[in-house]
Amino acid sequence: MAGARWRVSGPSFFQASPEGAELLVETVRGALAGEMGAETVLADLYSGVGLFAGSLAASGRVVAVESASAAVADAAWNLPPQIETVLCAVERWPPQRCDVIVADPARRGLGPEAVGVVAATGASTVVLISCDAAAGARDVADLVGVGFAVDSVTVLDLFPQTAHVEIVSVLRR
Ligand SMILES: C[S@@+](CC[C@H](N)C(=O)[O-])C[C@H]1O[C@@H](n2cnc3c(N)ncnc32)[C@H](O)[C@@H]1O
């Protein structure tokens, strides 16, 4: 997937299909085209086994934050050592200065606490990946409430024949 092999232990989350994961990565890459410079600090929040941290070809500092210990262990195996993996709930993560955030929360979305953490990093760009449309809409509204503006919204039909979609929202200050 995305040109690499990924270790995914039984308890760890992974996208429903490699093709879907590939499309998600391509969509996020496209959204960040030209934005990932040598000094860019990237936070991959809800990082799972490190899918975005490992495939966005970021050359600056990268931190991956995830609350499931099995996924963090997989991420540490999947990612190069210079990428920091943090075992922590996003809402408890002490915010660090970032330029770009990729956030791919579980179905309940970010919620106000994690939105506060995102805002406190000072990031100028947030790519929010929402697998629940209602939670995603609420999170986007909360991010607008802390100073972001919606740049683009892309809906990916990653779960054909179901009511579920994946929504990639790009917000910028
Ligand atoms: C939709 S998955 C995305 C994983 C990864 N970005 C990917 O694409 O493979 C959401 C991830 O968030 C993790 N998670 C759930 N609640 C969390 C929280 N409060 N803080 C940090 N991670 C959390 C889950 O364990 C899961 O790995």
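Structure report, in brief. Values in this document were obtained by computation on a predicted structure and should not be read as measured data.

**Focus: the site of the ligand**
Taken together, 21 residues form the shell around the ligand, and within it F13, Y46, G48, S67 and D104 come nearest. Contributions of two or more residues to the shell around the ligand are made by α2 (51-55) and β2 (62-66). Classifying every residue of the shell around the ligand gives 14 nonpolar, 4 polar and 3 charged.

**Regarding the nonpolar core**
Membership of the largest hydrophobic core comes to 45 residues, with the highest contact counts inside it found for V28, L45, I101, A103, V118, V126 and V127. Residues in contact with I101, not counting those within four places in the same chain, are A43, L45, V118, T121, A123 and V126.

**Points about the pairing of strand β5 (residues 125-130)**
Counted residue by residue, β5 has 6 buried out of 6 residues, so it is predominantly covered. The side-chain alternation of β5 yields two buried faces, one formed by T125, V127 and I129 and the other by V126, L128 and S130. Two strands pair when backbone bridges link them, and strand β4 (residues 100-103) and β5 are joined in this way by 4 bridges, in the parallel orientation. Residue I101 lies in a different strand from β5, and its bridge partner there is V126. Read as a crossover between parallel neighbours, the route from β4 over helix α4 (residues 111-120) to β5 is right-handed. Where β5 lies against strand β7 (residues 166-172), 6 bridges are found, and the strand directions are antiparallel. Within the sheet, the bridge partner assigned to S130 lies in β7 and is I167.

About the thresholds
Residues numbered from 1 in each chain as written. Predicted model: local features only at pLDDT ≥ 70, side-chain atom pairs only at ≥ 80, totals over all residues. Near = placed C-beta within 6 Å. Helix = DSSP H or I, 4+ residues; strand = E, 2+ residues; numbered from the N terminus. Nonpolar A, V, L, I, M, F, W, Y, C, P; charged D, E, K, R; others polar. Core = buried A, V, L, I, M, F, W, Y, C linked by C-beta atoms within 7 Å. Buried ≥ 20, exposed ≤ 12 C-beta atoms within 10 Å, placed from the backbone. Contact = placed C-beta atoms within 7 Å. Pairing = 2+ DSSP bridges. Right-handed = clockwise from strand over helix to strand, strands pointing away.

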